[in-house]
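Chain residues, written in single-letter form:
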Amino acid sequence: ETGVTQTPRHLVMGMTNKKSLKCEQHLGHNAMYWYKQSAKKPLELMFVYNFKEQTENNSVPSRFSPECPNSSHLFLHLHTLQPEDSALYLCASSRMTSGSLDEQYFGPGTRLTVT
Amino acid sequence: AQSVAQPEDQVNVAEGNPLTVKCTYSVSGNPYLFWYVQYPNRGLQFLLKYITGDNLVKGSYGFEAEFNKSQTSFHLKKPSALVSDSALYFCAVRDPQGGKLIFGQGTELSVKP
C-alpha cells in the first residue's frame, strides 16, 4: 500500500467545517480517481483525472471539490458537508488513462465522519 | 446499462476447503472483468483480471477466476481457503463506453479454522 498514500486516515468534521483530503501516488501513474465507499453499497466513482485534467465528474455535489496539481497528487476539498457524506473515501491510480484496461491501485482510504 | 451482481453478501468456508465467490455481469460488447480484495481498514487490492484469451485466469494469493460467457459469470475460486483470506471481495466490470470500473456491492468471505 505504500504505492498510494492518503492523509488523514481518519477525519471528524462538523457540517460547517472546511477540510481537505490528500492523496499521493508514487507509482508514476497518469490517472487518479476518487471513490466513495459506504457500508453495503458498491463503490461510487466520484472524479477521474487523466494527466491532471478532470475527465469525469459523476454528478457529485459541489460541496466536494477536487484538485489535481500534478499527476502524483490529488486533493478532495470538503465544505458544508452533510451527515450522509460520512463514508470511507478512497483514492486510486492507474498507469494509463482511465480508458485503458490497466488495474487500479488503491490507497488505504480516509474514514470521514460528519457530525 | 453495465452492471455487476454479487448475489451473496457473505460466504462462510472452513479452512482447507475450496471457496467460490460468485459474480455475474451485464455489459454490451466485450467484458473486461476484475476482482479486488479489501482487508479491514485497508484499500482495495487488485487480485486478477480477464481481458481476453484463456477463460481461467490466475491471480495473486492462489486465487483464480473462471470466465463463462454463456452464463455471464466470473466467479472467484481458490482450491484451499486460508483464515487469512477472510476479507471483502469486489467484482468489477469495465464500462466499454467510458472506461470506468463498475463495482459490485461486495461479498464478505469468512474462513474459519
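Residues numbered from 1 in each chain as written. Chains lettered and ligands numbered in written order. Predicted model: local features only at pLDDT ≥ 70, side-chain atom pairs only at ≥ 80, totals over all residues. Heavy atoms only, no water.

The helix and strand inventory of chain A stands at 0 helices and 11 strands. Reading chain A from its N terminus to its C terminus gives the helix and strand order β-β-β-β-β-β-β-β-β-β-β. Its C-alpha atoms give chain A a radius of gyration of 13 Å, near enough to 13 Å, the size a compact globule of 115 residues would have. Seen along its three principal axes, the alpha-carbon backbone of chain A occupies a region of about 40 × 30 × 25 Å. A total of 115 residues make up chain A; the buried ones form 50% of that total. Long-range pairs, those at least 24 residues apart, make up 54% of the contacts in chain A with a sequence separation of at least 6. Taking the average location of the 11 positive side-chain charges in chain A and that of its 10 negative ones, the two points are 7 Å from each other. (Helix = DSSP H or I, 4+ residues; strand = E, 2+ residues; numbered from the N terminus. Rg over C-alpha atoms; globule rule 2.2 N^0.38 Å. Buried < 20%, exposed > 50% of the residue type's maximum accessible area, 1.4 Å probe, protein only. Contact = heavy atoms within 4.5 Å. Lys, Arg positive; Asp, Glu negative; His and termini not counted. Charge placed at Lys NZ, Arg CZ, Asp CG, Glu CD.)

For chain B, the count of helices and strands is 0 helices and 12 strands. For chain B, the α and β elements follow one another from N to C terminus as β-β-β-β-β-β-β-β-β-β-β-β. Computed over its C-alpha atoms, the radius of gyration of chain B comes to 13 Å, within 12% of the 13 Å expected for a compact globule of 113 residues. Burial analysis of chain B (113 residues in total) assigns 49% to the buried set. Counting contacts in chain B only where the partners sit at least 6 residues apart, residues at least 24 apart contribute 55% of the total. Within the structure as shown, chain B displays about 5,200 Å² of accessible surface, and the carbon and sulfur contribution to it stands at 47%. A distance of 5 Å separates the average location of the 10 positive side-chain charges in chain B from that of its 9 negative side-chain charges. (Areas by Shrake-Rupley, 256 points an atom, 1.4 Å probe, with all protein chains shown as cover.)

Okay, the interface of chain A and chain B next. Interfaces are frequently sized by the accessible area removed from exposure as the parts join. Each partner contributes to the interface: chain A provides 23 residues, whereas chain B provides 21 residues. When chain A packs against chain B, the two sides together hide about 1,700 Å² of surface, and 53% of this comes from carbon and sulfur. Remark: the boundary between chain A and chain B carries 2 salt bridges. Residues B:Lys100 and A:Glu56 are paired through a salt bridge, measuring 3.4 Å at the closest nitrogen-oxygen approach. Counting every contact that joins chain A to chain B gives 6 residue pairs in polar contact (both at pLDDT 80 or more). Within the residue set of the side of chain A that touches chain B, elements represented by two or more residues are strand S4 (31-37) and strand S9 (87-94) of chain A. A breakdown of the residues in the side of chain A that touches chain B according to their chemical character gives 9 nonpolar, 7 polar and 7 charged. (Buried area = accessible area lost by both parts, 1.4 Å probe. Salt bridge = Lys/Arg side-chain N within 4 Å of Asp/Glu carboxyl O. Polar contact = N/O pair within 3.5 Å; in protein donor to acceptor, adjacent residues only side chain to side chain. Nonpolar A, V, L, I, M, F, W, Y, C, P; charged D, E, K, R; others polar.)

Two cysteines form a disulfide when their sulfur atoms are joined by a covalent bond. Residue and element names in this part refer to chain A. Summed over all chains, the structure comprises 2 disulfides over all chains. Shown here is the disulfide that connects Cys23 with Cys91, its sulfur atoms set 1.9 Å apart. Here Cys23 and Cys91 share a disulfide; its torsion about the S-S bond, -70 degrees, makes the bridge left-handed. Separated by 68 residues along the polypeptide, Cys23 in strand S3 (residues 18-25) and Cys91 in strand S9 bring together distant segments of the chain. Of the two residues, Cys23 and Cys91, neither departs from the other in class, the shared state being buried. (Disulfide = S-S within 2.5 Å.)

The predicted model of chain A has a mean per-residue pLDDT of 91, with 97% of residues at 70 or higher. Highest mean pLDDT in chain A belongs to S3(A) (97); lowest belongs to strand S6 (residues 53-57) of chain A (84). (pLDDT = per-residue confidence, 0-100.)

Residue and element names in this part refer to chain A. Here Lys19 is to be found in strand S3. Expressed as a C-alpha distance, the spacing of Lys19 and Leu76, which sit 57 residues apart in the sequence, is 8.5 Å. Non-local contacts of Lys19, meaning those with residues more than four positions away in its chain, are made with Leu11, Met13, Leu76, His77 and Leu78.

Further remarks concern the sheet that holds strand S8 (residues 73-79) of chain A. Residue and element names in this part refer to chain A. Ordered in space as S1-S3-S8-S7, the 4 strands form an open sheet in which the pairing is antiparallel. Looking at the sheet topology across the chains shown, the edges are occupied by strand S1 (4-7) and strand S7 (64-70). Here the average twist between neighbouring strands, direction ignored, is 20 degrees. (Pairing = 2+ DSSP bridges. Axes fitted to C-alpha atoms, helices over the stretch in contact; angles between N-to-C directions.)

Residues and elements named next belong to chain A. Tracing the sequence through the fold places Met13 in strand S2 (residues 10-13). The spacing of Met13 and Met96 is 83 residues in sequence and 34 Å in space, taken between C-alpha atoms. Apart from residues no more than four positions distant in its own chain, Met13 is found in contact with Lys18, Lys19, Leu78, Leu81, Leu112, Thr113, Val114 and Thr115.

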